[in-house]
Each structure stands twice: as C-alpha cells, then as structure tokens.
Amino acid sequence: MQLKRLKLVNYRNYTDFEHEFNNLKTIIIGQNAQGKSNILEAINILATSQSDRAEKDSDLVFWNKEHSLIFANIETIDAELNIALQINPTGRRKLKINDVPKRAPQADLVGNFFAVMFSCDDLYLIKGSPSIRRSWLDSILFQLDKKYHKTLLDYQKSIAQKNALLKQSHEAMLSRKALKEQLDVWNTQILNFGTDIIFTRLNFIDEIKPIAKDFQRKISKDTEALDIIYKSSILQSSVFSHQDLLTLFKATLDKSFEEELMRGQSLVGPHRDDAIFMINEKEAKSFASQGQQRSTILSIKLAELKIIEKRKGEVPVLLLDDVFAELDENRQDFLLHNLPRNIQTFLTTTHISDIQKEFLKDAQIIEIQNGQVLQSECKLA
Ligand SMILES: Nc1ncnc2c1ncn2[C@@H]1O[C@H](COP(=O)(O)OP(=O)(O)O)[C@@H](O)[C@H]1O
Ligand SMILES: [Mg+2]
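This one's a predicted model, so the numbers in the text were calculated from it and none came from an experiment. (Residues numbered from 1 in each chain as written. Chains lettered and ligands numbered in written order. Predicted model: local features only at pLDDT ≥ 70, side-chain atom pairs only at ≥ 80, totals over all residues.)

### Observations concerning the overall build of the protein chain
So the rule is basically this: A run of H or I in DSSP becomes a helix once it reaches four residues, and a run of E becomes a strand once it reaches two; helices and strands are each numbered from the N terminus. The globule rule used for comparison is 2.2 Å times the number of residues to the exponent 0.38, while the radius of gyration itself is calculated over C-alpha atoms. The exposure scheme places C-beta atoms from the backbone and then counts, for each residue, the other C-beta atoms within 10 Å of its own, assigning buried at 20 or more, exposed at 12 or fewer, and partly exposed in between. Placing C-beta atoms from the backbone, we regard two residues as in contact once those atoms come within 7 Å.
Looking only at helices and strands, the protein chain features 12 helices and 15 strands. In terms of overall dimensions, the protein chain is globule-like: its C-alpha atoms have a radius of gyration of 22 Å, near the 21 Å expected for 381 residues. With respect to the principal axes defined by its C-alpha atoms, the protein chain has extents near 75 × 55 × 40 Å. Sorting the 381 residues of the protein chain into buried and exposed places 38% on the buried side. If you take every contact in the protein chain between residues at least 6 apart in sequence, the share linking residues at least 24 apart comes to 72%.

Now the structure itself:
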C-alpha cells in the first residue's frame with residue numbers, strides 16, 4: 001500500500017504541510033528539532049491511532065490552536081482511501097473515511113492503513129520499562145485486530161473504575177461486603193476483557209517468535225538464538241487455552257483481593273504484563289551487547305512487516321526514524337535486502353551521508369526546516 005499524499009494542518013510544528021509522494025522512497029532530511037519525526041509520527045497515527053511520543057492528544061496540536069488535521073490519500077491494492085482525522089486538545093477526535101463521518105474515531109481508524117515504525121528510540125524496547133513493550137505489542141495488534149483495540153480500551157476503562165473504587169474505599173467506609181460486591185462488578189469485566197487481551201498477545205508472540213528468530217539467526221550468522229516470552233502477572237509458562245487463562249486469571253484476582261485493597265490499585269492483569277527477549281537463553285535486557293540488541297530490534301521489525309503483509313494482504317509502509325546512524329553497514333545491508341520489493345519507505349536523517357548509496361537510488365529527498373519544506377528534489381542516482 002502507498003501513501004500518495006499527506007496534508008498536515010496545525011499538527012505539531014506544521015501549520016500547513018502538503019506533499020505528494022510519487023516515489024517509493026522518501027528521505028526527509030533536516031537538522032534536529034525541525035519536524036522530521038513529526039511527519040513520521042503523523043503517518044504512524046493513521047495506522048495505530050496512537051503516538052509513542054505524545055502523552056496526550058493536546059501535544060499533537062500546534063501550540064494554542066483549536067485542533068490539528070491529518071489528511072491522507074492512500075492507495076491500497078484494490079481501492080483508494082481518503083482519511084481525514086481531526087485531533088482536539090481535549091482528546092476528542094473526529095474521523096472521516098472517504099468523506100463518510102465515522103462514529104468511533106479511534107476504533108474506525110485502525111485496520112485501514114498499515115505501518116511499521118522503526119525509530120532510534122526502539123532500543124528502549126529491550127532496555128526500557130515493561131510499558132514500552134506493552135505499547136509495542138498493542139500498536140501491532142491494533143492494526144492486526146480491530147477487536148483487540150476495542151477490548152483494550154474497554155479493559156482500560158474497567159481498570160480505571162476499579163482503581164477509583166479502591167482509592168475511595170478507605171474514605172467511603174464501605175462495609176467489606178459492599179466493597180467486595182462493587183469490586184466484583186469491575187473484576188468480572190476485567191476478567192473477560194483481560195483474558196482476551198492476554199490470549200491475543202500470547203498468540204501473537206507465538207506467531208512472531210519463529211520469524212524474528214530466523215532473521216536474527218541470519219544476521220548473526222547462526223550465532224544468536226532469539227526467544228521472546230510473554231511474562232504475565234497471571235501465569236508463568238506459555239501455551240494455555242482461553243478457558244485455562246480465564247480460570248487462572250480468576251484465581252489470581254481472588255488471591256490478590258487483600259493486597260489490592262491495601263495498596264489501593266489493581267495489581268494483576270495484562271496492564272502489568274511484559275515481554276522478555278532472550279538471546280542464547282540469557283535475558284537480552286541485562287546480557288546482550290548493543291550490537292545484539294540492535295539485531296534483535298531489526299529482526300522484530302522485519303518480522304512485524306512479514307506478519308502484517310501475510311495477515312492483511314498489503315505491504316505496510318515502513319517508517320525509519322533516525323535509525324541509519326544507529327545501524328552499521330552490515331545491519332543496513334541486511335535491512336535493505338530483506339524488505340519486500342514494492343515497500344514504501346519514509347526515512348529521516350540529519351546527515352545524508354549516514355545512508356547507503358543503494359538506498360538513495362530513486363528516492364525523493366525533502367528538506368525540512370522549522371516546519372516548512374525548504375526544497376524537494378527527486379534524486380535519480
Ligand atoms: N504541539 C506542538 N506545537 C508546535 N511545535 C511543536 C509541538 N510539538 C512539538 N513541536 C516542535 O517540533 C519540533 C520537534 O520536531 P521533531 O519532528 O521531533 O524534530 P526532528 O526534526 O528532530 O525529528 C520542536 O521544535 C518542537 O518544539
Ligand atoms: Mg527526530
């Protein structure tokens with residue numbers, strides 16, 4: 001699939017950006033803090049509905065403006081898609097697809113356009129906190145499975161309600177029985193939504209594991225065996241049926257009642273889970289070299305591409321944000337030679353010299369300064 005045209009109005013530091021992308025490769029060049037990543041972020045929002053860099057929607061709106069707009073024309077295998085997304089500082093969004101207003105702007109956005117984002121921040125995927133890995137899992141699963149997106153939103157609402165109740169419980173002086181009854185209402189929902197979430201994540205890990213493992217084996221010339229394990233607050237080993245998960249989750253919730261009450265927050269469920277990367281049976285977070293970690297991220301990103309392509313029948317758009325400076329020639333080569341031939345790629349860099357010559361071939365180069373396109377040239381090397 002291809003993004004043919006993008007227009008941004010009052011999005012981050014762009015008051016008015018409009019560009020047509022006629023080449024498969026677009027290189028966005030500029031100094032730091034000029035707005036390169038902002039363009040990739042906007043494209044990624046069209047695919048995942050979320051941004052890893054923004055805490056809230058107001059971050060995405062040009063300071064003090066009423067709202068921001070992202071317009072995109074997309075070509076899929078058999079259709080043309082026009083997406084218009086309005087983002088408001090309040091968090092309320094509006095969405096039109098092919099001029100038809102959608103009732104659920106978050107849920108109706110995902111599943112139309114597919115992207116894989118690979119940014120220099122992705123090294124935190126291994127080193128960083130569990131929330132980064134959860135959000136990695138979520139951003140792919142949102143694209144693959146519309147139902148997962150809805151279930152996660154519902155789950156998060158139930159957790160927020162339960163937390164509010166746990167916090168109030170001390171002041172409200174509810175009897176234990178009344179409190180337990182009220183908590184049970186939320187726990188029933190948490191149990192149902194949460195089991196679906198864990199089940200979907202477990203299946204996804206099972207799917208991505210062999211593919212990523214194969215890439216890592218090839219990059220490392222057979223010296224690195226990658227493994228990915230879903231670490232849940234409700235189970236220790238993998239391969240469970242949906243029913244097993246439900247039973248285990250219920251038992252864990254029951255067991256945690258006293259502690260949750262004491263600490264005033266929900267302590268078990270997919271919002272506490274994690275994924276662990278292992279290389280040669282050792283946890284990558286603590287033992288892998290920087291090079292091994294880079295190979296792991298690269299393997300995972302290539303595996304994401306493969307899975308989206310296989311499941312959706314469309315080659316997703318690849319967003320490479322400042323990664324080439326982080327990848328040595330070997331890994332750059334590996335990336336370039338393992339991409340689908342017709343993939344559309346957007347790449348940002350401060351220095352064109354960081355990018356392999358081969359990649360510059362047939363690329364369109366856009367130079368950005370302070371939220372403006374300085375110049376755009378088509379490089380035919
Ligand atoms: N909501 C916003 N309104 C206006 N400017 C913003 C907003 N959010 C970020 N910026 C500006 O965007 C710039 C950073 O853009 P970014 O795309 O991250 O730069 P880079 O070119 O380094 O990738 C900074 O100058 C920052 O002040
Ligand atoms: Mg950047």
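So that's the structure; there's more coming.
### A short note on the domain arrangement of the protein chain
Note the following rule: Each domain's extent is set by a domain assignment, obtained either automatically or from a database.
Structurally, the protein chain comprises domain 1 (1-114 + 314-381) and domain 2 (122-312). Between the C-alpha centres of domain 1 and domain 2 the distance comes to 28 Å. In this assembly, 21 residues from domain 1 lie in contact with 18 residues from domain 2. If you tally residues by element for the side of domain 1 that touches domain 2, the top one is helix α11 (residues 329-337), at 3 residues.

### As for the environment of Q168
Its place among the elements puts Q168 in helix α5 (residues 146-172). Owing to 14 C-beta atoms within 10 Å, Q168 belongs among the partly exposed residues under this scheme. Separated by 165 residues in sequence, Q168 and L3 place their C-alpha atoms 48 Å apart.

### Structural notes on the pairing of strand β12 (residues 317-321)
Here is the rule: With its strands directed away from the observer, a crossover is right-handed exactly when the path from the first strand over the helix to the second travels clockwise.
Of all the 5 residues making up β12, 5 are buried; the element is thus mostly covered by neighbouring parts of the structure. Taking every second residue as pointing to the same face, both faces of β12 are buried, with V317, L319 and D321 on one and L318 and L320 on the other. A crossover links β12 with its parallel partner strand β13 (residues 345-349), the connecting element being α11, and its sense is right-handed.

### Observations concerning the sheet that holds strand β9 (residues 226-231)
Where we set the bar: DSSP-based pairing: two strands are paired if at least 2 bridges between them are found. Here an axis means a line fitted to C-alpha atoms, over the contact stretch when the element is a helix, while the angle between two N-to-C directions is reported on a 0 to 180 degree scale.
With antiparallel pairing, 3 strands are arranged side by side in an open sheet as β9-β10-β11. Each edge of the open sheet carries a strand with a single partner, namely β9 and β11 (282-283). Pairing of strand β10 (residues 274-279) with β11 involves 2 bridges; the strand directions are antiparallel. By the bridge assignment, I279 is partnered in β11 with K282. Taken strand by strand, helix α6 (residues 176-219) contacts β9 and β10, and its axis lies near 165° from that of β9.

### A closer look at the environment of K7
If you trace the backbone, K7 turns up in strand β1 (residues 2-11). With 64 residues separating them in the primary sequence, K7 and F71 have C-alpha atoms 5.0 Å apart. Aside from chain neighbours lying at most four places away, what touches K7 is F17, E18 and F71.

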